[in-house]
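Residue-level listing of the chains:
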Amino acid sequence: MMKKNNQDRQWRSFREFAESGNNAHVEPSEFSDESFLKEHFPGAIESAGDFVSRRSFLSLMSASLALAGLAGCRRPVEKIIPYVIPPEEVIPGVPQYYATTMPFGLQSFGLIVETHEGRPTKIEGNKDHPSTRGLADPFILASILELYDPDRSQKVMNNGSVSDWSDFDSYWKIIFDTHLADRGKGLAVIGSSFNSPTLHHLRRRFLDTFPEAHWIAYEPISDENILRGVEAATGEPQLPEYSFDRARIILSLDCDFLGSETGAIKNAANFARSRYPDIESNAMNRLYCVEGNHSITGAMADHRLALPPSKVEIFLLMLIDGLKRLDLSLPAKIPSADITIEFDRKFVEVLAADLFANKNHALICAGKTQPPTVHALVCLLNSLLNPENELVRYNRLPYALIPDTVAFNSLMTQIKAGHISTLIMLDTNLAYCAPADIDFAQAVAGVRNKIHFGTYYDETAALSNWHLPAAHYLESWGDAVSIDGVRSVAQPLIAPLYGGRSVVEIAAQLAAGQPENGYEIVRRTWRGIIEDSFEFNWRKVLHDGFYSESTPNVARPDFTPLGKYLAAEPFSSAPDIRHGLELTFIQSPSTYDGRYANLSWLQELPDPVTKITWDNPARIGAALARNLDLRDGDMIAVNNQGAVLELPIIVTPGIADGVIVIELGYGRTAVGRVGNGVGFNTFRLRRSQDPYFVNGVAVAKTGGRYKLVCTQEHHSMKGRPLIRQADLAYFRSHPEFASEMVEHPPLKSLWKEPELTGDYQWGMVIDLNSCIGCGACTIACQSENNIPVVGKEGVARGREMHWIRVDRYFSGSADSPDMLFMPVPCQHCENAPCEQVCPVQATVHDHEGLNAMVYNRCVGTRYCSNNCPYKVRRFNFFNYTKSMPETLKMLQNPDVTVRSRGVMEKCTYCIQRINRAKISAKIENRRVSDGEILTACQQACPTNAITFGDISDSASRVSKMKSDPRNYELLAELNNRPRTSYLARIKNPNPALVDNHDTIPLQRQDERKSS
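Remember, it's a predicted structure, so these values are computed and weren't measured experimentally.

### Examining the layout of surface pockets
Argument step 1. In this structure, the second largest pocket encloses a volume near 900 Å³.
Argument step 2. If you go around the second largest pocket, you meet 31 residues; those closest to its centre are Gly931, Glu932, Ile933, Leu934 and Gln939.
Argument step 3. Looking at the lining of the second largest pocket, the elements with two or more residues in it are strand S3 (107–116), strand S4 (119–125), helix H28 (911–923), helix H29 (936–940) and strand S40 (946–950).
Argument step 4. Ranked by the residues each element gives to the lining of the second largest pocket, the list is headed by H28, at four residues.
Argument step 5. The class makeup of the residues in the lining of the second largest pocket is 10 nonpolar, 10 polar and 11 charged.

### A closer look at the pairing of S40
Argument step 1. For S40, the buried fraction is high: five of the five residues fall into the buried class.
Argument step 2. Sheet topology note: the strand S33 (residues 762–767)/S40 ladder contains five bridges and is antiparallel. Bridge pairing links Met764 to Phe948 in S40.

### Considering the packing of aromatic side chains
Argument step 1. Here the structure, examined in full by the defined rule, presents 32 aromatic pairs.
Argument step 2. With centroids separated by 6.5 Å and ring planes inclined at 20°, the aromatic side chains of Phe104 and Phe139 adopt a geometry described as stacked. With Phe104 in strand S2 (residues 96–104) and Phe139 in helix H3 (residues 138–147), this pair connects stretches of sequence that are 35 residues apart.
Argument step 3. The rings of Phe104, Phe109, Phe139, Tyr592 and Tyr596 are connected pair by pair, giving a single aromatic cluster.
Argument step 4. For the cation-ring pair, Arg686 lies above Tyr692, with the distance from its terminal atom to the ring centre recorded as 5.1 Å.
Argument step 5. Cation over ring: Arg799 sits above Phe877, and NZ or CZ is 3.8 Å from the ring centre.

### Some words on the sheet that holds strand S23 (residues 554–555)
Argument step 1. On the basis of which strands lie adjacent, the open sheet formed by three strands has the order S10-S16-S23 and antiparallel pairing. Unpaired on one side and paired on the other, strand S10 (239–242) and S23 mark the two borders of the sheet.
Argument step 2. Pairing analysis gives two bridges linking strand S16 (residues 392–395) to S23, with the strands arranged antiparallel. Bridged to Tyr394 within S23 is Ala555.

### Description of helix H5 (residues 197–209)
Argument step 1. Here H5 contains 13 residues, and its C-alpha end-to-end distance of 18 Å stays within 8% of the 18 Å for a straight helix at 1.5 Å per residue.
Argument step 2. Regarding H5, the residues found buried are Pro197, Thr198, Leu199, Leu202 and Phe206.
Argument step 3. Where H5 is buried, its residues touch strand S7 (187–191), strand S8 (194–195), strand S9 (214–217), strand S21 (478–481), helix H15 (503–512) and helix H16 (518–526).

### Overview of the pairing of strand S15 (residues 362–366)
Argument step 1. Among the five residues that make up S15, five are buried, leaving the element largely enclosed by the rest of the structure.
Argument step 2. The alternating pattern of S15 places Ala362, Ile364 and Ala366 and Leu363 and Cys365 on opposite faces, both of which are buried.
Argument step 3. Taken together, the five bridges between strand S11 (residues 249–253) and S15 define a ladder with parallel strand orientation. The residue of S15 that forms the bridge with Ile250 is Leu363.

### What to know about the environment of Arg501
Argument step 1. Positionally, Arg501 belongs in the loop between strand S22 (487–490) and H15.
Argument step 2. Of the residues examined, Arg501 reaches a relative accessible area of 15% and is grouped as buried.
Argument step 3. In the structure, Arg501 is positioned 336 residues away from Trp165 in sequence and 9.5 Å away in space, judged by C-alpha atoms.
Argument step 4. Excluding anything up to four places from it in sequence, Arg501 contacts Trp165, Asp169, Phe453, Pro469, Ala470, Ala471, Ile506, Gln509 and Pro515.
Argument step 5. Polar contacts involving the side chain of Arg501 include one to the side chain of Asp169, which spans 3.1 Å.
Argument step 6. Within the structure, Arg501 has its side chain in polar contact with the side chain of Gln509 (distance 3.0 Å).

What counts and what doesn't
- Every residue gets a number counted from 1 within its own chain, in the order that chain's sequence is written.
- Residues qualify for local features only when their pLDDT is at least 70, as the model is predicted, and side-chain atom pairs are given and counted only at 80 or more; totals for whole chains, interfaces and linings, by contrast, use all residues.
- Remark: hydrogens and water are excluded; side-chain values derive from all non-hydrogen atoms of the structure.
- Buried and open spaces are told apart on a 1 Å grid over the protein atoms alone, a cavity being a set of points where a 1.4 Å probe fits but cannot get out and a pocket being an open set with protein on both sides within 12 Å along at least five of seven lines. Residues with an atom within 4 Å of a point are the lining residues.
- Grid points are joined across faces, edges and corners, and a volume is the space filled by probe spheres set on the points.
- The numbering of helices and of strands both runs from the N terminus, where a helix is a DSSP run of H or I of at least 4 residues and a strand a run of E of at least 2.
- Basically, the charged four are Asp, Glu, Lys and Arg, the nonpolar ten are Ala, Val, Leu, Ile, Met, Phe, Trp, Tyr, Cys and Pro, and anything else, Gly included, counts as polar.
- Relative accessible area decides the class of each residue, using a 1.4 Å probe on protein chains only: under 20% of the type maximum gives buried, over 50% gives exposed, and in between gives partly exposed.
- Any two strands with at least two DSSP-identified bridges between them are counted as paired.
- Centres within 6.5 Å make a pair out of two Phe, Tyr or Trp rings, where for Trp the six-membered ring is used; the pair is then stacked when the planes are under 30 degrees apart, edge-to-face when over 60, and tilted otherwise.
- A ring is considered to have a charge above it if a Lys NZ or an Arg CZ atom is located within 6 Å of its centre and within 35 degrees of its normal.
- Helix span, as expected, comes to 1.5 Å for every residue beyond the first.
- Residue contacts follow a heavy-atom distance rule, with two residues in contact if any of their heavy atoms lie within 4.5 Å.
- Here a polar contact is recorded for every N or O atom pair within 3.5 Å, except that within protein the pair must consist of a potential hydrogen donor and a potential acceptor, and residues adjacent in sequence are included only if both atoms are side-chain atoms.

So this is what it looks like as structure tokens:
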């Protein structure tokens, strides 16, 4: 039986919430229907014709479903011919690793790419690079799938007909000479933002050649508000970098710094580092979160306030009032808050006191969706709370092209007026993502010369006279600078598969009139960066992946300009209280802004919060769902100033009342067979004046229904104490609470204890206090272990193939719950119940404690899956690898079996990595050292929540973690003796806010007083 403790009951869905004796007043979710179990365990395997459709595997797998010819690679794959004279550096079967860089807007990621005989197969973070430190996120890990995507653009296109590069080169030379004569009048380039020395020099060269031309950047999701706010405060656009590892008190204002904000990988690692609960000290940080959407950062908060994004500015002004009363010196020009709503005054007062009491250890951050005024005030408060400025560093961006919405709108005005005759669109899809009120397609219809350069023949390419295929970053020479100033070179890991050119080569051609070699272009730039011994240091940069002599370009901000900015009183005189609801736009964790819509790994990765796959429904809270009589899957019509879009809803606990959260990046029509027609194009509701949130939106229930696919109750272990959690104070008084929560009689097995005679005994520990639910572990495992996708219909039947899933639970009330995450791989039980029921001994135990699968024995009875209480075994109902084309074959990890139909699959603790390390150790006559083996999930995890190693070594890190008082085994009462265990989650709430639900009306707007 379960012992009492200070944690609330956990629930996955509103049905579980109601079953626990609560009254949520919300209709049960359609995802709670037990009928999906019949789909997951049918009486017989149906024929492919009953299941395969346009959305199923044969039309979904991004890098596998079209026989795509290979334009070239390091070694031909069409003919399997052994080397006559083998290259010295290549040993068949032994992977090689190369350092490179992934540019991503204003930031960049240092990577290590694993290759087999010249073909990249796996991406990991570069442990020596400050931007990743060996860690990764789902976008980084899945980007290798884009490399082999057969839907990538493969041909130069001219007015819809196939052309070639030589034709374009001749065409551009004519255009170049024409604009050279008129100094670039009527010539414009709209591209993505970048932070690259080479692109910076090429852009400057272009503008020197064409003084009257334009080259601007537009991004639908960017840090522009942050940069403009810091510029208002300091006089210079700078990007703040936060030291979350040294902060005791953190306030997040609509800022998903663990998920969607710039530098999230580094932020997550630093945040987790100061999140470790200590019985003796007060080292654990405390996080306050104020947000409208329920983000993964909000899930980690000790105190979370659900507030519409438009009210965050008011909240900040109220906080400033509270700090003033505590004698924190602030400029007199900051107005008092405009109060027209009920608000939790105690929350603000306690927060202000906590920040003030922890000066020099307190940190405030605001999200990219908040206006510049908020960021300017955050700069000021951080400077006052941290006079030495040790927790915030402001980085200059000398090589960056910053997104500029004002310049974009001005250029669009010129285009509509007919002043632009040549428009070049570099790596951007404006026909899809430009604000709806601009009507980009109609605006550019009169432009004579339209040139599009991109990875796909997308919506913008279809409007252009010329389309030029872009090379993938793993096929290109380039460079980038991380936000903290580290300069890196991107080197190609494979020759362009489809004959594309890099953005560096195109930029050079725009500036010079003729093609240039990317390698020479980048080397020319770096001759000005590397001052001594160029060839030696150039090779060192390529080996290391970054320039070790890079020094951070840190500004020492002077807040003098802030006084003038505040004097102009840029604050809202009052919150927008038009009748209607508030619409909030968020970045997609699966497709970003739509650029990754054709990557099936990301489409099938469940959203961390909603657990939806293959869709982007509107999210509303439980209270709004009750008021509008809505339930999951109901269709609504959203009207934003005349723009109307119909889409389904999903009721999401924790969304601020009156807020509709809409995810960008879906509804593509020209990206490829995976992304086309998936979800809804919410850019149709987005206007240039209100890019991130807008008030006064009307919503009407249409009466229609839509099929959503959600994994929130798949593989359920409901009704058991799964995630153990407690407050820090309770943990200090009851350090063994996690292992004492369940009472059971003495555990005895019916079976003989297994004889474990190996030199190593492998085990794993997962720290639930660090896991942020991002899903990087799932994508890393999928990439490492050749795991297929099954499509929307397959997921609907509970047949997703992921070997490690991340369960999401709620605890507390339906309107304002806590959110918790639990990664669940195979537990590798010593008394494994799956082993006892297999009639052919396909699942067996080895002498090192691993629960192994012998695929050749498996006949697909699925008894093992039925008998597994953790529901971690996956049955491949269809032969997803039967018609595997050449592109996907290049992606497969040769160290892992490619499974056919009819066998059970599951986590193996990456046994191929274990064996590789053991072989190396044996050759060198030593034991495998602690930390030498990293499982794929462990290596990718941005918070280092997963630890793997030899539990027979008492000095190993995994052994020490298993002796932590928070350690417990999942469903230990079943006597399965799992080798994977968990560390309980600990929260650090402010005692003054525990069980606080009081709200009182504050002063009205007309009673506002200036300080």
